[in-house]
Amino acid sequence: RPLLELRALRKSYGNAEVQTEILHGIDLRLMPGEFAALIGPSGSGKSTLLNCIGLLEGASSGELLIDGQVTQGLDDAALTALRGRTLGFIFQFHYLLPAFSAQENVYLPVMADQGHATPAMRTRALDLLARVGLADSAQKRPAQLSGGQQQRVAIARALAQHPKLVLADEPTGNLDTRTADEIFALLREVNRSENTTFLIVTHDPRLAARCDRIIRLVDGQIVEDRPNVPQASEP
Ligand code: ADP
Ligand code: ADP
């Protein structure tokens, strides 16, 4: 069954007087394990779509199901619970907490969700940091890490609660090409080893070409949605 299903999803912004529709009826399904790119010009609605899927904003109409669960009509507590159980987020700017160590940054959101810290959370945070190549940096603060290392911490944080679907908004947007390639390879590795589903907003055609599926949004509508045979990364 689809992990994500959108039916005629519409999103408008505005007030009672003036409404501007940004998403004009989006139909989309993602199956478990997909590794999909969401591309399209600036202002086409990619972030708005990701925010709706991430349950950060309510749609104006249409249906949005995550892991088979209808999301319309859920109260904030139910939305938070569904988000924690199913979704992970990676942003262009990683929003790490500067006063806390890498390890704390990975488990603090889990603690916030569950109300208390457990030794298991701390251990999983260390395991995840090792996984993203930061075993020796767990006690460092963000300012002591490079941009690429900070984004690795953000990836470890996104994976802390075993998400089924990771939503990534320009995850390599502020990184140099080589670091972007490394981060992208890491996302792919997580996808392959744990069957985690990814929906990745990118403006970089090189990175989109490495995804299994390319979804193109123009003016709030999906104008292209096709499978893609990923190109082998350069030697
Ligand atoms: P993209 O991510 O593809 O660049 P966005 O989803 O950020 O596109 O924006 C799509 C359109 O929605 C833009 O015209 C933007 O100005 C508008 N928009 C985004 N957020 C809001 C908001 N909170 N209120 C009003 N308009 C918004
Ligand atoms: P209604 O139109 O039924 O009043 P809204 O879309 O205005 O519902 O949502 C009211 C509040 O409920 C929003 O501020 C938001 O916090 C939450 N909400 C409802 N559905 C969703 C959703 N699918 N994703 C994110 N937030 C939602």
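See the structure printed just above.
In this text the structure is predicted, and so the values were computed from the model without any measurement.

(A) Main features of the layout of surface pockets. Here the largest pocket is characterised by a volume of approximately 440 Å³. Every residue lining the largest pocket is counted, 18 residues in all, and those nearest its centre are Leu 87, Phe 89, Pro 109, Arg 157 and Gln 161. Of all elements in the fold, only helix 2 (76–86), strand 6 (87–91), helix 3 (102–114) and helix 5 (147–158) reach the threshold of two or more residues within the lining of the largest pocket. Residues that form the lining of the largest pocket fall into these classes: 10 nonpolar, five polar and three charged.

(B) Representation of the environment of Arg 157. In this fold, Arg 157 is placed in helix 5. Each C-alpha atom of the pair Arg 157 and Ala 99 lies 16 Å from the other, and the pair is 58 residues apart in sequence. Other than its neighbours up to four places away in sequence, Arg 157 contacts His 94, Tyr 95, Leu 96, Asn 105, Val 106 and Pro 109. There is a polar contact of 3.2 Å between the side chain of Arg 157 and the backbone oxygen of Tyr 95.

(C) Highlighting the packing of helix 3 against helix 4 (residues 119–131). Contact geometry for helix 3 and helix 4: axes closest at 9 Å, N-to-C directions at 135°. Here helix 4 runs oblique to helix 3, going by the angle between their axes. At the point where helix 3 passes helix 4, the crossing takes the right-handed sense. Here Ala 102, Gln 103, Val 106, Tyr 107, Val 110, Met 111 and Gln 114 of helix 3 come into contact with helix 4, specifically with Met 121, Arg 122, Ala 125, Leu 126, Leu 128 and Leu 129. In terms of residue class, the contact of helix 3 with helix 4 is made up of 10 nonpolar, two polar and one charged.

(D) The arrangement of the side chain of Thr 196 in detail. Residue placement: Thr 196 occurs in the loop between helix 6 (177–194) and strand 8 (197–201). Among the residues examined, Thr 196 registers a relative accessible area of 4% and is labelled buried. If we ignore the near neighbours within four places in the chain, the residues touching Thr 196 are Gly 33, Glu 34, Pro 163, Lys 164, Val 166, Val 190 and Asn 191.

(E) Spatial organisation of the site of ligand 2. Around ligand 2, the neighbouring residues are Leu 55, Glu 57, Gly 58, Thr 71, Asp 76 and Leu 79. Between Glu 57 and ligand 2, the recorded distance is 3.3 Å, taken from a backbone N or O atom to a nitrogen atom. Between ligand 2 and Asp 76, the relevant distance is 3.1 Å, taken from an oxygen atom to a side-chain nitrogen or oxygen of the residue. Relative to its free-state accessible area of 550 Å², ligand 2 is covered by the protein chains to the extent of 43%.

(F) Here's a closer look at the pairing of strand 4 (residues 61–66). Taken together, the five bridges between strand 1 (residues 4–14) and strand 4 define a ladder with antiparallel strand orientation. Bridge pairing in strand 4 places Leu 4 opposite Ile 66. Note that strand 4 and strand 5 (residues 69–70) share two bridges and pair antiparallel. Bridged to Ile 66 within strand 5 is Gln 69.

(G) Representation of the nonpolar core. Membership of the largest hydrophobic core comes to 40 residues, with the highest contact counts inside it found for Val 106, Leu 129, Val 153 and Ile 155. Those elements giving two or more residues to this core turn out to be strand 3 (35–39), helix 3, helix 4, helix 5, strand 7 (165–169), helix 6, strand 8 and helix 7 (205–208). Among the elements that make up this core, the one with the highest residue count is helix 6 (six residues). Contacts of Val 106, omitting those with residues within four sequence positions, involve Ala 125, Leu 128, Leu 129, Val 153, Ala 156, Arg 157 and Ala 160. Judged by nonpolar contacts, the second largest core, of 27 residues, contains Leu 4, Ile 26, Cys 52 and Leu 167.

(H) Main features of the packing of aromatic side chains. All told, the structure shown has four aromatic pairs when counted by the stated rule. Pairing Phe 89 with Phe 91 gives two aromatic rings, centres 6.0 Å apart and planes at 5°, and the pair type is stacked. A relative accessible area of 28% means that Phe 91 is categorised as partly exposed.

Basis of the calculations
- Residues numbered from 1 in each chain as written.
- Chains lettered and ligands numbered in written order.
- Predicted model: local features only at pLDDT ≥ 70, side-chain atom pairs only at ≥ 80, totals over all residues.
- Heavy atoms only, no water.
- 1 Å grid on protein atoms, 1.4 Å probe; cavity = no way out; pocket = protein on both sides within 12 Å on 5 of 7 lines; lining within 4 Å.
- Points joined across faces, edges and corners; volume = space filled by probe spheres on them.
- Helix = DSSP H or I, 4+ residues; strand = E, 2+ residues; numbered from the N terminus.
- Nonpolar A, V, L, I, M, F, W, Y, C, P; charged D, E, K, R; others polar.
- Contact = heavy atoms within 4.5 Å.
- Polar contact = N/O pair within 3.5 Å; in protein donor to acceptor, adjacent residues only side chain to side chain.
- Axes fitted to C-alpha atoms, helices over the stretch in contact; angles between N-to-C directions.
- Parallel < 35°, antiparallel > 145°, perpendicular 65-115°, else oblique.
- Left-handed = near helix turned anticlockwise from the far one by under 90°.
- Buried < 20%, exposed > 50% of the residue type's maximum accessible area, 1.4 Å probe, protein only.
- Near = heavy atom within 4 Å.
- Areas by Shrake-Rupley, 256 points an atom, 1.4 Å probe, with all protein chains shown as cover.
- Pairing = 2+ DSSP bridges.
- Core = buried A, V, L, I, M, F, W, Y, C linked by side-chain atoms within 4.5 Å.
- Phe/Tyr/Trp six-rings, centres within 6.5 Å; stacked < 30°, edge-to-face > 60°.

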